[in-house]
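Spelled out, the chains give:
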Amino acid sequence: MASSSTKTLLSLSLLFILFALSQATYSGMILTLVNNCPYTIWPAIQPNAGHPVLERGGFTLQPLTHRSFAAPTAHWSGRVWARTGCTYEHEKFYCATGDCGGRIECDGLGGVTPATLAQFVLHHGHADFSSYGVSLVDGFNIPLTVTPHEGKGQCPVVGCRAKLLETCPAVLQFRSYGGHGPVVGCKSGCEAYKTDELCCRNHFNSPQTCKPSSYSQFFKHACPATFTYAHDSPSLMHECSSPRELKVIFCH
C-alpha cells in the first residue's frame, strides 16, 4: 500500500498536470467581441462553408461589456457583424439591421444587409497566420474595428470608426419600420440599384471590369482601411502571425 507521502506526491503531480493542461488550453487564440456602444447589440458569427459555428452563431451583448471565447485551433474562416434595434414583437424576435432569420442564435445563417462585416481567415500559411479585414461591400450599420494583440508581422488595427449614418447619401439610406423610421443603415450601391455593374455580377465579375463607383468611394473616403466593392484591394486582408487575441470592437 502506498504511503501517505506517496499519495500526497501523486495528488500534487495530478494537480500539476491538470493545471498545465488548463494553461495549454487557455494559451490558444482568443476571440473577443466588445460592445463599446451606449446601447445593446446582438453580435452574429457566420462560418464559411465547412467550418464550425462559434458561440451558436449569435448572442446578446449589453452596453460596455465584452464576451471572450476560444478561437478554433484549426483553420477557420467566417464573418462577424452586429445586429441592432432588436426587439420581441408578437412573440417574434426581429432586428432592424443584420437580422438572421428572426433568431438570437444565428446557427450559421447570414444576416440581412446593410451590415458592417469583420472577416477572418484563421490558422493558415507557414507561420500560423490569421488574416482579417473589415468590409463595407454589403453596406454599413455600425462602426467597428479589429484589433490584434501579441501577433507578429502585419498586425494593424483596421476598420471603420466613422459615424456614417449621419452622412449617408439619401439614395443609400436604410430606414427602420419599412422605410418610415430613422436611418439605421447605409446601403451599398449594389443594394440600392441592384445593377450588374454596381454588384460586380456577370460581365462585371472580374478585377478588370469590377471598378469602384461613386457609392463605394463614399465609403472608401470615410473608411480607407476597408473593402468597399467586390474586387477591392486584397492587400487590405492583413496576415498577422500567431496573435494571442483578435478583438472586434463595436462603436470603437
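Look above for the structure.
Rules behind the numbers
- Residues numbered from 1 in each chain as written.
- Predicted model: local features only at pLDDT ≥ 70, side-chain atom pairs only at ≥ 80, totals over all residues.
- Heavy atoms only, no water.
- Helix = DSSP H or I, 4+ residues; strand = E, 2+ residues; numbered from the N terminus.
- Buried < 20%, exposed > 50% of the residue type's maximum accessible area, 1.4 Å probe, protein only.
- Contact = heavy atoms within 4.5 Å.
- Areas by Shrake-Rupley, 256 points an atom, 1.4 Å probe, with all protein chains shown as cover.
- Polar contact = N/O pair within 3.5 Å; in protein donor to acceptor, adjacent residues only side chain to side chain.
- Core = buried A, V, L, I, M, F, W, Y, C linked by side-chain atoms within 4.5 Å.
- Phe/Tyr/Trp six-rings, centres within 6.5 Å; stacked < 30°, edge-to-face > 60°.
- Lys NZ or Arg CZ within 6 Å of the ring centre and 35° of its normal.
- Pairing = 2+ DSSP bridges.
- Axes fitted to C-alpha atoms, helices over the stretch in contact; angles between N-to-C directions.
- Disulfide = S-S within 2.5 Å.

Counting its regular elements, the protein contains five helices and 15 strands. Looking at the protein as a whole, 43% of its 252 residues qualify as buried. For the protein, restricting intrachain contacts to residue pairs at least 6 apart in sequence, the fraction spanning at least 24 positions comes to 64%. Element-wise, carbon and sulfur atoms account for 57% of the exposed surface of the protein, whose accessible area totals about 13200 Å².

In this fold, tyrosine 193 is placed in helix H3 (residues 189-193). Between the alpha carbons of tyrosine 193 and valine 171 there is a distance of 9.3 Å; along the sequence they are 22 residues apart. In contact with tyrosine 193, other than residues within four places in its own chain, are Val171, Leu198 and Tyr215. At 3.4 Å, the side chain of tyrosine 193 forms a polar contact with the side chain of tyrosine 215.

A few words on the nonpolar core. Core analysis: the largest hydrophobic core is formed by 28 residues, its most contacted members being Leu33, Ile45, Phe120, Val146, Val248 and Phe250. Going through the elements one at a time, strand S1 (30-35), strand S4 (76-83), strand S7 (117-124), strand S8 (129-135), strand S9 (144-149) and strand S15 (245-250) are the ones with two or more residues in this core. Sequence-distant contacts of valine 248, that is, excluding residues within four places in its chain, are made with Thr32, Leu33, Val34, Ala118, Phe120, Leu144, Thr145 and Val146. Within the second largest apolar cluster, 10 residues are counted, among which are Phe140, Cys160, Phe218 and Phe219.

For the rest of this paragraph, the subject is the packing of aromatic side chains. According to the stated counting rule, one finds four aromatic pairs in the structure shown. One aromatic cluster in this structure is built from Trp42, Tyr88 and Phe93. Looking at arginine 67, its charged tip hangs above the ring of phenylalanine 59, at a distance of 4.1 Å from the centre.

What follows deals with the sheet that holds strand S11 (residues 158-160). Spatially, S3-S1-S15-S9-S11 is the arrangement adopted by the five strands of the open sheet, whose pairing is mixed. A single partner strand is all that each edge strand has here, and the edge strands are strand S3 (65-70) and S11. On average, each strand axis in the sheet is inclined to that of its neighbour by 15 degrees, with strand direction left out of account. Pairing geometry for S1 and S3, over six bridges, is antiparallel.

Let us look at the state of the cysteines. Counted by the stated rule, this structure contains eight disulfides. Put simply, cysteine 160 and cysteine 223 are joined by a disulfide, and their sulfur atoms are 1.9 Å apart. Highlighted residues: cysteine 160 in strand S11 and cysteine 223 in the loop between helix H5 (214-222) and strand S14 (238-241), separated in sequence by 63 residues. In terms of burial, cysteine 160 and cysteine 223 fall into one category: buried. The disulfide bridge from cysteine 168 ends at cysteine 186, spanning 2.1 Å between sulfur atoms. Around the S-S axis, the bridge from cysteine 168 to cysteine 186 shows a dihedral of about 85 degrees and counts as right-handed. Residue cysteine 168 is located in the loop between S11 and strand S12 (173-175), and its partner cysteine 186 is located in strand S13 (residues 183-186); the two are separated by 18 residues in the primary sequence. On the basis of relative accessibility, which here comes to 5%, the residue cysteine 168 falls in the buried class.

This part covers the environment of serine 77. Structurally, the position occupied by serine 77 is in strand S4. Residue serine 77 is classed as buried on the basis of its relative accessible area, which comes to 7%. Once the C-alpha coordinates of serine 77 and leucine 122 are considered, the two residues, 45 residues apart in sequence, prove to be 6.1 Å apart. Among the polar contacts listed, one links the side chain of serine 77 to the side chain of asparagine 48, at a separation of 2.8 Å. Within the structure, the side chain of serine 77 is placed 3.5 Å from the side chain of histidine 51, a separation counted as a polar contact.

Ordered in space as S2-S4-S7-S8-S14-S10, the six strands form an open sheet in which the pairing is antiparallel. The open sheet has two edge strands with one neighbour each: strand S2 (42-47) and strand S10 (152-153). Summarising the sheet, S4 and S7 pair through five bridges and their orientation is antiparallel. Bridged to serine 77 within S7 is valine 121.

As a further point, take unusual backbone geometry. Residue proline 114 is reached from threonine 113 by a cis peptide bond, and omega for that bond is 0 degrees. With respect to the element layout, proline 114 can be found in the loop between strand S6 (92-94) and S7. With a phi close to 50 degrees, asparagine 202 is a non-glycine residue in the positive phi region.

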